[in-house]
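Residue-level listing of the chains:
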Amino acid sequence: MNLGVNIDHIATIREARGTNYPSVLDAATLAEKAGANSITLHLREDRRHMQDNDLYELKPLLKTKMNLELAPVDEMVKIALDVLPEDVCLVPERREEKTTEGGLDLIKKFNEIRDISNDLTAAGVRVSLFITPDIKQIDKVIEMNVPVIELHTGSYADFTGDLKEKELFKIRQAVQYAKKVGLLVNAGHGLHYENVQNIARIKEIHELNIGHAIVAKALFIGWENAVAEMKKIITEYAKS
């Protein structure tokens, strides 16, 4: 199981003071050395962390691949078509949210997201859609002929007790359904060192994208150590 390391919150720290450090370039390079299989970053419309120039500087330096998260809007798509990352993950976005909440509604926005996905695919970019673990949403992905989904694990991360177990069951069901129809399945959001184990046991998941928890852990044990520790946990539980 692969680990995609999200470096958004390295940029959050940088933007808090408007400095040129900590370097997102260094963060990406060191994460790759520590075992990351891809580098994830979200260029938000409000530019609260990543900036346009970060994408252009990172793209030629990465040894793995760039997974660029963005809202399905013209401005963001235009940038993606210029940068041409290996992967683009389309995500919902609201200005007032602290972080991405929930998944795309592919039923309501089917035509819009299908057209954007087609444009990115035609340019050679692999498209992923960030969705809740819902069979109806997966059916819409199939109709769009998009090859990858990323399942939102935020509810699993937030819930406790029976609700947590029910959400984990929904994720397992969604993963199995998606795999049967040939989709590549990634997952992420809210995962950390104490809750990632049950998700990592779902062997059909290709990649977990994790950021905030790794940045927080790095404050105490160092960035490379934090990445390596998360990769070790995922690898061990994926084999169990």
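Structure first, text after, so check above.
What counts, and where the lines are drawn
Residues numbered from 1 in each chain as written. Predicted model: local features only at pLDDT ≥ 70, side-chain atom pairs only at ≥ 80, totals over all residues. Heavy atoms only, no water. Salt bridge = Lys/Arg side-chain N within 4 Å of Asp/Glu carboxyl O. Buried < 20%, exposed > 50% of the residue type's maximum accessible area, 1.4 Å probe, protein only. Helix = DSSP H or I, 4+ residues; strand = E, 2+ residues; numbered from the N terminus. Arc of directions from axis to C-beta. Contact = heavy atoms within 4.5 Å. Patch = residues over 30% accessible without salt bridge, like charges linked within 9 Å, V, L, I, M, F, W, Y side chains within 5 Å. Areas by Shrake-Rupley, 256 points an atom, 1.4 Å probe, with all protein chains shown as cover. Phe/Tyr/Trp six-rings, centres within 6.5 Å; stacked < 30°, edge-to-face > 60°. Lys NZ or Arg CZ within 6 Å of the ring centre and 35° of its normal.

Quick rundown of the pattern of salt bridges? Include the residues and the values.
Going through the model one piece at a time under the given rule, you end up with 13 salt bridges. Here arginine 14 ties to glutamate 15 by a salt bridge, and the two come within 2.9 Å at their closest N and O atoms. Judged by its relative accessible area of 29%, glutamate 15 falls in the partly exposed class. Between aspartate 87 and arginine 126 there is a salt bridge whose closest N-O contact spans 2.9 Å.

Could you give an account of helix H6 (residues 135-144), naming the residues involved and the relevant values?
Within H6, burial applies to Gln137, Ile138, Val141 and Met144. Axial view of H6: buried residues confined to an arc of 115°, hence all on one face. Opposite its buried face, H6 presents the exposed residues Lys136 and Glu143, each directed more than 90 degrees away. Close packing links the buried residues of H6 with helix H5 (110-122), strand S5 (126-131), strand S6 (148-152) and helix H8 (161-180). Among the residues trailing H6, asparagine 145 stands out with phi positive, at a value near 65°.

Describe a nonpolar patch on the surface, listing the residues and the values that go with them.
Together, Leu219, Phe220 and Ile221 line one region of the surface with nonpolar side chains, adding up to about 370 Å² of accessible area. Looking at the element boundaries, phenylalanine 220 is found in helix H10 (residues 212-221). Given the relative accessible area of 73%, phenylalanine 220 is considered exposed.

Residue-level account of unusual backbone geometry, with values.
Note the cis peptide between tyrosine 21 and proline 22, where omega equals -5°. Secondary-structure assignment places proline 22 in the loop between helix H1 (8-17) and helix H2 (24-33). With a phi angle near 115°, histidine 189 is a residue other than glycine that sits in the positive phi range. Looking at the secondary structure, you find histidine 189 in the loop between strand S7 (184-188) and helix H9 (196-200).

Residues and numbers for the packing of aromatic side chains, please.
For the structure shown, the criterion picks out zero aromatic pairs. Across the ring face of phenylalanine 110, the terminal group of lysine 140 is positioned such that the distance to the ring centre comes to 5.3 Å. Over the ring of tyrosine 156 we find lysine 164, and its NZ or CZ is 4.4 Å from the ring centre.

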